[in-house]
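# Secondary and tertiary structure notes
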Amino acid sequence: MSHSPLPARLGFLYPGHAAEDDYPLMGSMIEPPAQVTLVHTEFLEDAHTVEALSEMGSIGRLSKGAEALADSGIESVMWTSTSASFVLGLDGIRHQIDTLEKELGVPASTTAMAFARAIKAIDAKRVAIAATYPEEVAQRFRAFLNHFDIEVVHLASRGIITAAEVGLLEKDAVIEFALANVRKEADALLIPDTALHSAAWLEDLEKAIGQPVLTANQASFWEALRLCAKLKPRDGLGHLFKKMPEG
């Protein structure tokens, strides 16, 4: 007698409002559908500046968000901001992860760490980056990836200050941005902003550029499933979900 697999119960801490609807959408795109619990965290300023992002990703903000996830039955938790983790450096990211694991008693990660793992999972050695952020913040993402010996062959920054504005970009604009920044010498294109919608367009994005694409919300959802050992090959969510991580 075969038993149906139990659905993954995934927790996401998401700063503000922009593209958070990607998470329940991805939850509905897998079998069995995942139970997605998403909590909006607060911050002082919606701005892609190092100062504002450091406040957004502060331990106080994460702890308050974690309180709202207590007793929710989640099996893993993600801090779903790429920039409000990598701007703090590796030590800052470890502090974020340790805080969430201690408070909630489940495995935790951040979107920045999800990118590092996802790049390795698809065997990409060289990457191009199409960042919606201003240049200063985009350069910090490059520096973060350097820690993992990931070579960045191209970096573009669109210079959008607020997450709210990024969240308004529609499919054609996202594909156009990707096409402008794909590079033949790269193994994959990274689009690192959780404020950007991508879940519904992952297959179209990859078809348009002819390369694997890793987006922030896709990588975060993949990492959440990996953390609770419920990651299986899936169609519809891009090349990343067709590969299985080792170990």
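Description of the structure in this document.

Rules used in this analysis
- Residues numbered from 1 in each chain as written.
- Predicted model: local features only at pLDDT ≥ 70, side-chain atom pairs only at ≥ 80, totals over all residues.
- Heavy atoms only, no water.
- Pairing = 2+ DSSP bridges.
- Helix = DSSP H or I, 4+ residues; strand = E, 2+ residues; numbered from the N terminus.
- Axes fitted to C-alpha atoms, helices over the stretch in contact; angles between N-to-C directions.
- Contact = heavy atoms within 4.5 Å.
- Expected span 1.5 Å × (residues − 1).
- Buried < 20%, exposed > 50% of the residue type's maximum accessible area, 1.4 Å probe, protein only.
- Salt bridge = Lys/Arg side-chain N within 4 Å of Asp/Glu carboxyl O.
- Right-handed = clockwise from strand over helix to strand, strands pointing away.
- Polar contact = N/O pair within 3.5 Å; in protein donor to acceptor, adjacent residues only side chain to side chain.

## So, the sheet that holds strand S6 (residues 151-157)
Backbone-to-backbone hydrogen bonds join strands into a sheet, with any given pair of strands oriented parallel or antiparallel. One open sheet accounts for four strands, arranged S6-S5-S7-S8; its pairing is parallel. Either end of the sheet is taken by a strand with one partner, and the two such strands are S6 and strand S8 (213-215). The sheet shows a mean angle of 20° between the axes of neighbouring strands, taken without regard to direction. Relative to strand S7 (residues 188-191), strand S5 (residues 126-131) is paired through three bridges, and the arrangement is parallel. Among the inter-strand pairings, Ala 128 is bridged to a residue of S7, identified as Leu 189. Packed on one face of the sheet, helix H10 (residues 202-209) meets S7 and S8 and runs near 140° to S8.

## Brief notes about helix H5 (residues 89-104)
At 3.6 residues per turn, the α-helix brings residues three or four places apart onto the same side. The terminal C-alpha atoms of H5 lie 23 Å apart, and with 16 residues this matches the ideal 22 Å at 1.5 Å per residue to within 8%. For H5, the complete set of buried residues consists of Leu 90, Gly 92, Ile 93, Gln 96, Ile 97, Thr 99, Leu 100 and Leu 104.

## Focus: the pattern of salt bridges
Taken as a whole and judged by the stated rule, the model has ten salt bridges. We note a salt bridge from Lys 242 to Glu 203, for which the minimum N-O separation is 3.2 Å. Of this pair, Lys 242 sits in the segment after helix H11 (216-227) while Glu 203 sits in helix H10, placing them 39 residues apart in sequence. Its relative accessible area of 39% is what places Lys 242 among the partly exposed residues.

## Things to note about the pairing of strand S2 (residues 35-41)
With seven bridges connecting them, strand S1 (residues 9-15) and S2 associate as parallel partners. In the strand pairing of S2, Tyr 14 is matched with His 40. Between the parallel pair S1 and S2, the chain is carried across by helix H1 (residues 22-28), and the sense of this crossover is right-handed.

## Quick look at the side chain of Gln 218
Relative to the elements of secondary structure, Gln 218 occurs in helix H11. A polar atom in the side chain of Gln 218 sits 2.9 Å from the backbone oxygen of Leu 237. Contact partners of Gln 218, with chain neighbours within four places excluded, come to Met 26, Leu 202, Val 213, Leu 237, Gly 238, Leu 240 and Phe 241.

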